[in-house]
Amino acid sequence: MPKEARPGTGEQAKQHALAQLRQAILRGEMAPAQRLVENELAEQFGVTRASVRAALIELESEGLVERIRNRGSRVRVVTVEEAVAITECRMVLEGLCAAKAAVAAGDEQLTELADLGTAMSKAVADGEPVTYSELNQQLHARIREFSDQQVAVELLERLNAQLVRHRFQLALRPGRPQQSLSEHLAMIEAIRARDPQAAEAAVRAHLGSVIEALRD
C-alpha cells in the first residue's frame with residue numbers, strides 16, 4: 001500500500017486491519033487453522049504490528065481467531081459439536097426475530113421477503129447452490145433487520161460469524177438447497193401472514209433441520 005494511502009496509526013490503523021481480517025475470514029479467504037503472522041499482515045495492510053495485534057485480540061473476543069501460547073494466532077477451528085451448539089442458540093434468537101418481524105414488518109418489507117423467496121426458488125431450479133446460499137443469508141439478515149430486536153441481532157451476528165465454513169459446506173451438499181427451500185418459504189409465508197407463533201415455529205423447524213444436516 002502506498003505510503004499516502006496508509007490508514008495511519010493508532011485506532012484508525014487497528015480498525016482498518018480489523019475490517020480487512022474480519023472480511024477475509026468471513027468470506028473464507030483465510031482457512032480454519034491458518035496461521036496469522038503479525039509481520040506479514042502488518043505489511044499487507046500497511047499498518048504496524050501493534051495495530052494487527054490489537055485487531056487479532058478483538059477478533060479473538062468475537063470467536064473468529066484463537067491465540068495459542070508461544071505459537072501466535074490462527075483462524076479458529078469450529079468443530080461440528082460447536083456448530084451444533086451455536087445453531088441451537090440461533091434457533092432461540094432467530095425464532096424471536098421472526099416472531100417480532102411478523103408483527104413489526106411493513107408491507108414493503110413483506111414484499112421484499114416474498115421476492116427473496118422467488119429468487120431462492122429460481123436459484124434452486126437453476127442449480128446454483130452458491131447463489132442460493134447468498135440469498136439464504138440475505139433472507140435471514142432481512143428477517144433480523146425487520147424484527148427491530150437489536151440485542152438479538154448483535155448476538156446473532158457474532159454467532160453466525162463462527163459458522164462460515166460449515167454454512168458453505170452445507171450449501172454445496174447435494175440435495176441440501178432443495179430440502180431447505182421449503183423451510184425458508186414456510187418462514188416467509190408465516191411472517192407475511194403476520195403470525196408470530198407460526199413464524200417462530202418455522203424458524204425452529206428450519207434450524208432443527210440444519211442441526212441434523214451438520215451431524216450427518
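All values derive from a computational prediction rather than experimental measurement.

Draft legend 1. Representation of helix 2 (residues 38-45) in the model. Taken together, the buried positions of helix 2 are Glu 38, Leu 41, Ala 42 and Phe 45. Along the axis of helix 2, the buried residues cluster in a sector spanning 100°; they form a single face. Among the exposed residues of helix 2, those pointing more than 90 degrees away from its buried face are Glu 40, Glu 43 and Gln 44. In the core, the buried residues of helix 2 are packed alongside helix 1 (10-26), strand 1 (35-36), helix 3 (49-61) and strand 2 (65-68).

Draft legend 2. Looking closely at helix 5 (residues 107-125). Helix length check: helix 5, at 19 residues, gives a terminal C-alpha distance of 27 Å against a target of 27 Å (1.5 Å per residue), a fit within 8%. Buried residues belonging to helix 5 abut helix 6 (129-147) and helix 9 (176-192). Of the residues flanking the end of helix 5, it is Gly 127, one or two places downstream, whose phi is positive at about 70°.

Draft legend 3. The nonpolar core, seen in detail. Leu 113, Leu 139, Ile 143 and Ile 191 are the most contacted members of the largest nonpolar core, which has 40 residues in total. Among the secondary structure elements, those contributing two or more residues to this core are helix 4 (80-104), helix 5, helix 6, helix 7 (150-161), helix 9 and helix 10 (196-215). Looking at this core element by element, the count peaks at 9 residues for helix 4. Not counting residues within four places of it along the chain, the set of residues in contact with Ile 143 comprises Cys 97, Ala 98, Ala 101, Leu 113, Met 187 and Ile 191.

About the thresholds
Residues numbered from 1 in each chain as written. Predicted model: local features only at pLDDT ≥ 70, side-chain atom pairs only at ≥ 80, totals over all residues. Heavy atoms only, no water. Buried < 20%, exposed > 50% of the residue type's maximum accessible area, 1.4 Å probe, protein only. Helix = DSSP H or I, 4+ residues; strand = E, 2+ residues; numbered from the N terminus. Arc of directions from axis to C-beta. Contact = heavy atoms within 4.5 Å. Expected span 1.5 Å × (residues − 1). Core = buried A, V, L, I, M, F, W, Y, C linked by side-chain atoms within 4.5 Å.

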